[in-house]
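Architecture at a glance
Here are the chains, one letter per residue:
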Amino acid sequence: MTPTYHVTALGEYLIDFTDNGSSPQGNTLFEANPGGAPCNVLSMLNRLGRKCAFIGKVGDDMFGSLLRRVGKEAGIAMDGLAVDPDVRTTLAFVKTLPGGERDFSFYRNPGADMRLRAEELPMDILQNTAVFHYGSISMTHEPARTATVKAVETARAAGALISYDPNLRPPLWDDLWEAREQIAWGLDHCDVCKIADNELEFMTGLTLTCGEDFDKGAAMILEKHPTIRLLNVTAGPGGSYGYTGTLRVCQPAFLLGGTIEATGAGDAFCGCVLDWILTHGMDSFTEESLGEMLRFASAAAYLVTTKKGAIRSMPTREQAERIIQN
């Protein structure tokens, strides 16, 4: 039977307050951008024509209502979005650094996303999706950690492909040793992984300065976590690398100017990879096709860096293809 959803994602759903200049009085102005990596990925997939569903939790407040509305506007099924009557929606204040990288300050002690319970999981959605995608942020604290584990196990048992993005945010963890342990669990239970260069360093202890270092790091991850069938390493302006165990392809980044900030770029990349897999499957990779996948994902990621926010900034297929052609 064909699954109801192409991709279902679970995790944090929050408001990114991004610096948007100053008022006439000299006060910093912040723009409330709906975000959170899992829904960013789904927004990209919806722009590519995929049917998606989200599972998570927000507060019973103005931001929770905004996030539900924005998710629906983005074409994402929000039936799996629970509401916490006691704890507020998570907020993140984002400072943009030179080159478009970011520094985060989270208001999440606790946040509603941390309080998703296993019994609140929509089992009908988890058992009817072709791909299940998640990250490590839902595993920083209980009860969301137990809910995440149950969701992964349920989707896997129903035949879903498991996609994972470590998405390391050190301030959200009480203990970085625990972060390594939980991220390693995610790596042990996925088929597809998108890992950033800083996360690869965190999990391997390597210092990544060149392509050979990326290859060493990828080899360590693939050897230690043999369930991974496709590992993509993203390095911002340093490009991206794809590994299948037998293949290795490097794709330079699109450095075309106009970059504002990097929020959502990795999520756009991840969404494009999942779209490619849904079209072509996991058993037909060649050097050429792996390169095509990385090229399209990199073009979409670049386009996201030219706008603020994430969910509302994902490009269309035609826009990404135009970047490649030109």
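Everything discussed here concerns the structure shown above.
Quick look at the structure, then. What you are looking at is a predicted structure, and each value in this text was computed from that prediction instead of being measured. Every chain begins its residue count from 1, and numbering advances along the sequence as written. Residue-level local features of this predicted model are given only where pLDDT is at least 70; pairs of side-chain atoms are given and counted only at 80 or more, and the full residue set underlies all totals for whole chains, interfaces and linings. Excluded from the side-chain calculations are hydrogens and water; all other atoms, namely the structure's heavy atoms, are used.

Notes on the pattern of salt bridges
Quick note on the threshold: Salt bridges are counted wherever a side-chain nitrogen of Lys or Arg sits within 4 Å of a carboxyl oxygen of Asp or Glu. Working definition: helices are DSSP H or I runs of at least four residues, strands are E runs of at least two. Numbering for both runs from the N terminus.
By the definition in use, this model includes 14 salt bridges. Between Glu120 and Lys57 there is a salt bridge, and its shortest N-O distance comes to 3.1 Å. With Glu120 in the loop between β7 (102-107) and α3 (123-126) and Lys57 in strand β4 (residues 52-59), this pair connects stretches of sequence that are 63 residues apart. A network of salt bridges, in which partner residues are shared, links Lys57, Asp84, Arg115, Arg117, Glu119 and Glu120.

Quick notes on the pairing of strand β1 (residues 5-10)
Taken residue by residue, a regular strand's side chains alternate between the two faces of the sheet. Going by this rule: For every residue, the accessible area obtained with a 1.4 Å probe (protein chains only) is divided by the maximum for its type, and the residue is called buried under 20%, exposed over 50%, and partly exposed between those limits. Strands were regarded as paired on the criterion that DSSP finds at least two bridges between them.
With respect to burial, β1 is a largely interior element, 5 of its 6 residues being buried. Relative to strand β8 (residues 129-135), β1 runs parallel, the two sharing 5 bridges. Bridging from a neighbouring strand, Leu10 pairs with Tyr134 of β8. Bridge count for β1 against β4 is 4 bridges, and the pairing is parallel. Following the sheet pairing, Thr8 is matched in β4 by Ala53.

Section: the sheet that holds strand β13 (residues 248-251)
Sheets are built from strands paired through backbone hydrogen bonds, the pairs being either parallel or antiparallel. To be explicit about the condition: For helices, the axis comes from a line fit to the C-alpha atoms of the stretch in contact; other axes are also lines fit to C-alpha atoms, and the angle between any two N-to-C directions lies between 0 and 180 degrees. For this analysis, residues touch if any pair of their heavy atoms sits within 4.5 Å.
In space, the 9 strands of this open sheet follow the order β5-β4-β1-β8-β9-β10-β11-β12-β13, with mixed pairing throughout. Where the open sheet ends on each side, the last strands, each with one partner, are β5 (76-84) and β13. Here the strands of the sheet are splayed against their neighbours by 15 degrees on average, with no regard to which way each runs. In this fold helix α1 (residues 37-47) packs onto β1, β4, β5 and β8, with an angle of close to 150 degrees to the strand it touches most, β4.

Some details on the packing of aromatic side chains
Put simply, the test is: Any two rings among Phe, Tyr and Trp, with Trp reduced to its six-membered ring, count as a pair given centres within 6.5 Å; such a pair is stacked if its planes are under 30 degrees apart, edge-to-face if over 60, and tilted if neither. Our definition puts a charge over a ring when NZ of Lys or CZ of Arg is within 6 Å of the ring centre and also within 35 degrees of the ring normal.
Overall, the coordinates contain 9 aromatic pairs when judged by the stated rule. Measuring from centroid to centroid gives 4.9 Å for Phe17 and Phe93, while their planes differ by 15 degrees, and the two rings are stacked. Linking Phe17 in strand β2 (residues 14-22) with Phe93 in strand β6 (residues 91-96), this pair joins segments that are 76 residues apart in sequence. Look at Phe30 and Phe93: their rings are 5.2 Å apart centre to centre, the planes differ by 90 degrees, and that puts the pair in the edge-to-face class. With Phe30 in strand β3 (residues 28-35) and Phe93 in strand β6, this pair connects stretches of sequence that are 63 residues apart. Overall, Phe93 belongs to the partly exposed group, its relative accessible area being 25%. An aromatic cluster is defined as three or more aromatic residues linked by ring pairs; in this entry it consists of Phe17, Phe30, Phe63, Phe93 and Tyr107. Against the face of Trp177 rests Arg180, its NZ or CZ located 5.0 Å from the ring centre.

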